Structure formats: C-alpha cells, structure tokens
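One letter stands for each residue in the lines below.
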Amino acid sequence: METSLLFVRAILNGFESYFAEFQNITLAARARFENADWPAVHTASRERFDLYKHKINQAADTLQVLAGEHMKDRNFWVDARRNYTRLIEGHDNYELAETFFNSIYCLALQHRKVRDEYAFVFSPQGDVPAQGDARVWKEYRLGPDVERFFGQLLDDFALSIPYQDKRRDISRMAAVVNNSLLPHFKVPPREIRARVLESLFFRNKGAYLVGQLLAGTRSMPFVLPLLHTGQGSVYVDTVLFGSDQVSVIFSFTRSYFMVDAEVPSRYVRFLQDLMPAKPISEIYSCLGYSKHGKTCFHRCAYLHMQETRDQFEVAPGIKGMVMCVFTMPSYDFVFKIIKDRFPPAKEMTREQVVGKYQLVKRADRAGRMADTQEFTNLAFSRARFSDSLMEELRELAPSSLEEHGKTLIVKQVYVERRMTPLNLFLRDADEEQLLSVMDEYGNAIKELAAVNIFPGDMLLKNFGVTRHGRVVFYDYDELCLLTDCNFRVLPEPRTDDEYLADTPWFGVASNDIFPEEFRLFFSGNQRARQAFDEQHSDVYQASFWQELQRQIRAGAVGDFFPYRRKLRFTRGQAPPRQTPPWNELGLSARPGQVTR
C-alpha cells in the first residue's frame, strides 16, 4: 500500500512538472508575437508538442525505480488508480492529470487491457470539470456607443506595442456591428452584453481576442484577429461573427493555440458554448492538449458505439495503395490502417509511413492538413465490422489485427475527421462550386508549400472538402519537405526516338520533380483542370517552386488567414458588409433572404 501511495504521488508530480513547463512555453507566446519572432513561434510549438512524451518517459524512469516488477502487475494498477483518484479529487485540472496517468499505464503495459479498473477510461469526476464560481472572461455592456465599447476592448487587451491606427480599427469594427448585426438583434444596444475571454489566443503570426455577445437567451460568438505590421505595431484585421466563422479559427486542420489558461477546462467550456457542433476532443487539442483530446475522443467513440447499431464499412472513394480506410455512416471520423504490403510503385516502408504522420503532427498544418489521433491496440466489437470490410482487412493488413472471440484488436490505427473526397465532390458540383473548390485546391497546395510541405501525390482523391468548403490534404504517404525536392524543367526531346520513348531518356533522381507533369493529376476531369488552370497555372512552372524554396531557406514565414480573404479589412477602404448568421440569433431571415 505504501508503495502504491508513493507511486501515485510520483505520477502527479510528473504531471505537475509537465503542466508547469507547458505553461512556461505558452506564456512566452505574447513576447514572441510582440517581437515578431516568427521562427521562435514555430520552434516553441514543436518544443511544446514534444514535451509530453519527454515528461512521460522521464516520469516512467522514476516510477520503474519505485515500483520495480509491480509496473506490469495489473492488480497493482487497480490500487494505483484508486489511490490516484483520491489524490486528485478536486484538483483544478484533474481531467488532464487522469490522462497523464493513462499514458504512464499504456507505456508500462504496451497499451494492453486498457480497462476502467486499471486506468481512467472514464473519469469518476466527469469529463470536463464544473465551471464553479471562477470566471475567465471580462464582461462589458455594448451600450449605444459601439465605438466606445471597442475602444475599451482594445485598451483592456493592449499589448506592449501600440496599435497602428486604433481610431481606424475602432471605426471599422463599429461599422460592421452597426450595419450588419445590430439591426437584427431586435433589442436596444444597451441590453446587449459582451463576454470576452481574459487571455489572447496566439498562433503563428496572429493573436485572437475571443468572446460572445449576449441578448437575453440569445448569443453570438465573435473573434477579433490582431496582426503584426512587422514594424512594431498591431492592427485589427477583421471582426468575425457566428459559430461557423469561429469554428474555422479553431479548425482541426490548424496548429495548436498558445493561450494563458491556468485551468484549461474553463476555456473549453466557454469555447464549447461558442461552437456547440465542435467535438470537445478537438477543443482540448486546439489548446495544445492533444493527448487529452485523444482521451475525450475515445470516450465519445465508445458512447457512440453503445448508442448506434450500424457497421463499419470500407470508406467511399478510390482506394489508396498504402492505407485501408473505413468508417460508419453514423460517424464523422475515418479510421486508417497501414497495409502489410505496398505496390512496387510505392518504394517505402511502414516505418516511413509512420514517420510521415509524425511529421504532420509536429508541422505547421497551415489549415490544410487534417489532425490525426494514433491509437495502439484499439479494441472493437467484431460484430460492428461488415463482412466485406473484414475480408479486405484480413487480405491487406492481417498483421495489424488480432481476433479474440467477439473482440477485434487493431494494433495501430489513425483516426481523423471524415471529409468528402475532392474527386467525389466534383461529380455533383455546379459551375460556381467547381471554380470555388478548385481555387481552394490550388490554395491548399500553395499554402502547404509555404510551410515547407510538398504533398507529393496531388491526385484529387487525396484531398477532402470540409463542411465549410475548405480543401484539405489527408493522404500523407508521399509527403516530404519542400526543400528536399529538386524542381526541374522537363528537357526537350532532341530526336524522334527520345520523343517516342516510353521511359525518360534523361537522368532522373529520386527527388526530382517536374511541375509540368502536374496536369496529369486532372486526368479524366477536364472541367476541373480548366478551372484550376484559370486560377493557379503558376504551379506548372519550376520557377514558382524554386522561388518558394529560396524564401523558406531565407527564413521567410508566410501569412495564413483562417478566414476568407474577402472578410479582411482593406487598408484605406470601407469595411466589408457581413451577412449575420441568422440561425444563431434565433431570428428569422428578412423577406427575400435565404437562411444558412
């Protein structure tokens, strides 16, 4: 018993050490933004992500000394869980501490027999700590003078560097609220309150002020993005309203935020009110707590399985050469298992594929790559798998499966948000949708390139369309760093034999890329190719990619906006008129207007 008590205290000490260092890295985000130290921003992001594994391994070394052979004794873990539950009862961040305990257990037992008696499959204190009396927001009255409200807001959240033109920004924000929002609240401005989270959210080259407007029982989320001029001042880039626009800011395709939150669950609850459709697992992950996001995902997935009866089936779309992909009709996620063997065209190993997914996890995803959760020895009910899916898995990935009676164990699986494959989306797209989504496809390629990511295989089937209409890359087996590629111009054939040759008549290295050949990715869809060529034909030029490589090597960091460019305030011009999200106001649309 004494060993068990020492053991769980050491686990909690390990968690507290991790959380303190996590906070230290996070707290420096404000200074990095104020100093426009963008390389340090990316370095800190990677360091914070790697911190969890480092602290788990460090704690495990200490625990091995304390527990010895008991580390692999499940009866010992029953006592440990019971004592740890008592130790963290009432802890402000008990849910994160439980996940830390789970990680230690999984490391010791190789992810086997993850049961609620040994680990915290479910939390005895609840998934998200209660808000209590603590407030993590500042409250304001909008009042009849909207400009005064925004002036107070900018003063209260001022950084150590000045606003470029505070009066201009206040005027623009007030114009958006007065012209696009207030006419539809149907209440006087003095009855509208604002709650604003007390800490700014930092990511890449932006800082975000997050809050909501409240009128009676109705509410409206809003976000003010602050950008650095690069010359020692900041400005408000736009004002965003509604769950859809705010949800894109907190997308699963973007890097994690850095926000000063001593009790992250209080921020999670606030954000959940703003974005009720967003899974709680994604909210925790977007704050940097991806391991606890994984815990939340597992809990929600388990409950979904209990509440539904449909089966897993092969995911729609063209099958890939590296992954077996499956999903179920009632579920918004897909599961990916690495195949045992790849076709000769895929000259890579399983370890290399795993490395690609690890690269994506640590990289700046620029809003264009889906975040994934990796699970080891994940248990399913065999009955939930269709016969056709089981036949495919047994044929293509037998080494990843263990069947024990009614239970199917998948040794390694990646889970990510389900999207509509781009090639399938295009089948039913009208002309306007076609132009929009091919512009998005081009933007996705270019924005990934700007963060030193080259997709490799840019076939339409390897990209998906989100519910917000964004195009996202999700097939990572050919992915590599842009700076590792050698972009070349296709040599002109000098003879008829060279022109008619079935194979290249010139030398080609493994990292040679010929952008002129990218047109082949549109084979069979000339409408898509024409729409793409009208908007992004520059990607067919080797010089386009070579210039990007030059900028990356020179240390340039690109600008990526998690909102539509048309919503940005244009310097020197009137702010854009926004259409308010009617359904979130609880109001009906005006006659002649269409609701969303």
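Scoring rules and cut-offs
- Residues numbered from 1 in each chain as written.
- Predicted model: local features only at pLDDT ≥ 70, side-chain atom pairs only at ≥ 80, totals over all residues.
- Heavy atoms only, no water.
- Helix = DSSP H or I, 4+ residues; strand = E, 2+ residues; numbered from the N terminus.
- Rg over C-alpha atoms; globule rule 2.2 N^0.38 Å.
- Buried < 20%, exposed > 50% of the residue type's maximum accessible area, 1.4 Å probe, protein only.
- Contact = heavy atoms within 4.5 Å.
- Areas by Shrake-Rupley, 256 points an atom, 1.4 Å probe, with all protein chains shown as cover.
- Lys, Arg positive; Asp, Glu negative; His and termini not counted.
- Charge placed at Lys NZ, Arg CZ, Asp CG, Glu CD.
- Pairing = 2+ DSSP bridges.
- Expected span 1.5 Å × (residues − 1).
- Core = buried A, V, L, I, M, F, W, Y, C linked by side-chain atoms within 4.5 Å.
- Axes fitted to C-alpha atoms, helices over the stretch in contact; angles between N-to-C directions.
- Parallel < 35°, antiparallel > 145°, perpendicular 65-115°, else oblique.
- 1 Å grid on protein atoms, 1.4 Å probe; cavity = no way out; pocket = protein on both sides within 12 Å on 5 of 7 lines; lining within 4 Å.
- Points joined across faces, edges and corners; volume = space filled by probe spheres on them.
- Phe/Tyr/Trp six-rings, centres within 6.5 Å; stacked < 30°, edge-to-face > 60°.
- Salt bridge = Lys/Arg side-chain N within 4 Å of Asp/Glu carboxyl O.

Undergrad: Explain the overall build of the protein residue by residue, including any values.
TA: Scanning the protein for helices and strands turns up 19 helices and 21 strands. In terms of overall dimensions, the protein is globule-like: its C-alpha atoms have a radius of gyration of 26 Å, near the 25 Å expected for 596 residues. Dimensions along the principal axes, computed over C-alpha positions, put the protein at roughly 80 × 70 × 50 Å. Within the span of the protein, comprising 596 residues, buried residues form 55% of the whole. Of the contacts made within the protein by residues no fewer than 6 positions apart, 71% connect residues no fewer than 24 positions apart. Split by element, the accessible area of the protein, about 27100 Å² in all, is 48% carbon and sulfur. A distance of 4 Å separates the average location of the 76 positive side-chain charges in the protein from that of its 77 negative side-chain charges.

Undergrad: So what's going on with the sheet that holds strand S18 (residues 471–473)? Which residues, and what values?
TA: Taken together, the 3 strands give an open sheet; going across it, the order is S15-S17-S18, and neighbouring strands pair in antiparallel fashion. Lying at the two open borders of the sheet, with one neighbouring strand each, are strand S15 (420–421) and S18. Summarising the sheet, strand S17 (residues 463–465) and S18 pair through 3 bridges and their orientation is antiparallel. Bridge pairing links valine 465 to valine 471 in S18.

Undergrad: Can you explain helix H15 (residues 431–450)? Please cite residues and give values.
TA: Spanning 20 residues, H15 covers 29 Å between terminal C-alpha atoms, matching the ideal 28 Å at 1.5 Å per step. Just beyond H15, the residue with positive phi is asparagine 452, at close to 70°.

Undergrad: Residue-level account of the side chain of asparagine 462, with values.
TA: Locating asparagine 462 in the fold gives a position in the loop between strand S16 (453–454) and S17. Residue asparagine 462 is classed as buried on the basis of its relative accessible area, which comes to 1%. Setting aside chain neighbours within four positions, we find asparagine 462 in contact with Asp457, Val472, Phe473, Tyr474 and Asp475.

Undergrad: Let's hear about the nonpolar core: which residues, and what values?
TA: Residues Phe7, Trp77, Phe150, Leu153, Phe201, Phe250 and Leu271 are the most contacted members of the largest nonpolar core, which totals 110 residues. Ignoring anything within four residues of it in the chain, the contact list for leucine 153 reads Tyr140, Val196, Leu209, Phe222 and Leu224. Of all hydrophobic cores here, the second largest spans 57 residues; its members include Ala370, Leu426, Val451 and Phe532.

Undergrad: Residue-level account of the packing of helix H5 (residues 94–109) against helix H11 (residues 290–307), with values.
TA: Taken N-terminus to C-terminus, the directions of H5 and H11 make an angle of 90°; their axes are 9 Å apart at the nearest point. The orientation of H5 with respect to H11, classified from their angle, is roughly perpendicular. Where H5 approaches H11, its residues Glu95, Leu96, Glu98, Thr99 and Asn102 are matched on the opposing element by Lys291, His292, Thr295 and Arg299.

Undergrad: Give a detailed account of empty space enclosed by the protein, specifying residues and quantitative values.
TA: Here the structure, examined in full by the defined rule, presents 5 cavities of 30 Å³ or more. Roughly 180 Å³ of internal volume is contained in the largest cavity. Phe252, Glu282, Ser285, Asp371 and Gln373 are the residues nearest the centre of the largest cavity, which is lined by 18 residues in total. In terms of residue count, the dominant contributor to the lining of the largest cavity is helix H10 (residues 280–286) (4 residues).

Undergrad: Could you give me a rundown of the packing of aromatic side chains, with the residues and numbers involved?
TA: Throughout the structure, instances matching the rule amount to 58 aromatic pairs. Here tyrosine 441 and phenylalanine 463 contribute two aromatic rings whose centre-to-centre distance is 5.0 Å and whose plane-to-plane angle is 85°, an arrangement assigned as edge-to-face. Of this pair, tyrosine 441 sits in helix H15 while phenylalanine 463 is found in strand S17, placing the two residues 22 residues apart along the sequence. There is no split in this pair, since tyrosine 441 and phenylalanine 463 are both buried. With centroids separated by 5.0 Å and ring planes inclined at 45°, the aromatic side chains of phenylalanine 463 and phenylalanine 473 adopt a geometry described as tilted. With phenylalanine 463 in strand S17 and phenylalanine 473 in strand S18, this residue pair connects regions lying 10 residues apart in the sequence.

Undergrad: Requested: an account of the environment of glutamate 98, with residues and values cited.
TA: Among the structural elements, glutamate 98 can be located in helix H5. Note: C-alpha distance between glutamate 98 and alanine 44 (54 residues apart in sequence) is 25 Å. Leave out the neighbours within four places in its chain, and glutamate 98 touches Tyr84, Ile88, Phe120, Ser123, Pro124, Gln125 and Arg299.

Undergrad: Just give me the short version of the pattern of salt bridges, but keep the residues and values in it.
TA: On inspection of all chains with the given rule, the structure shows 35 salt bridges. Arginine 417 is the salt-bridge partner of glutamate 282, the closest N and O atoms lying 2.6 Å from each other. With a gap of 135 residues between them, glutamate 282 in helix H10 and arginine 417 in strand S14 (residues 407–417) connect regions that are remote in the sequence. On the basis of relative accessibility, which here comes to 9%, the residue glutamate 282 falls in the buried class. Given the relative accessible area of 15%, arginine 417 is considered buried. With a shortest N-O distance of 3.0 Å, glutamate 416 and lysine 336 are connected by a salt bridge. Residue glutamate 416 is found in strand S14, and its partner lysine 336 is found in strand S11 (residues 333–338); the two are separated by 80 residues along the sequence. In this structure lysine 336 comes out as buried when scored by relative accessible area, which is 5%. Through salt bridges with shared partners, one network takes in Arg368, Glu440, Glu447 and Arg564.

Undergrad: Outline the environment of glutamate 374, listing residues and values.
TA: Tracing the backbone through its elements, the reader meets glutamate 374 in strand S12 (residues 373–381). Exposure remark for glutamate 374: the relative accessible area of 28% places this residue in the partly exposed category. Sequence separation between glutamate 374 and tyrosine 357 is 17 residues, and the spatial gap between their C-alpha atoms is 9.0 Å. Among all residues touching glutamate 374, those that are not within four sequence positions of it are Lys294, Gln412, Val413 and Tyr414.

Everything listed is a geometric property; what it means functionally is a separate question.
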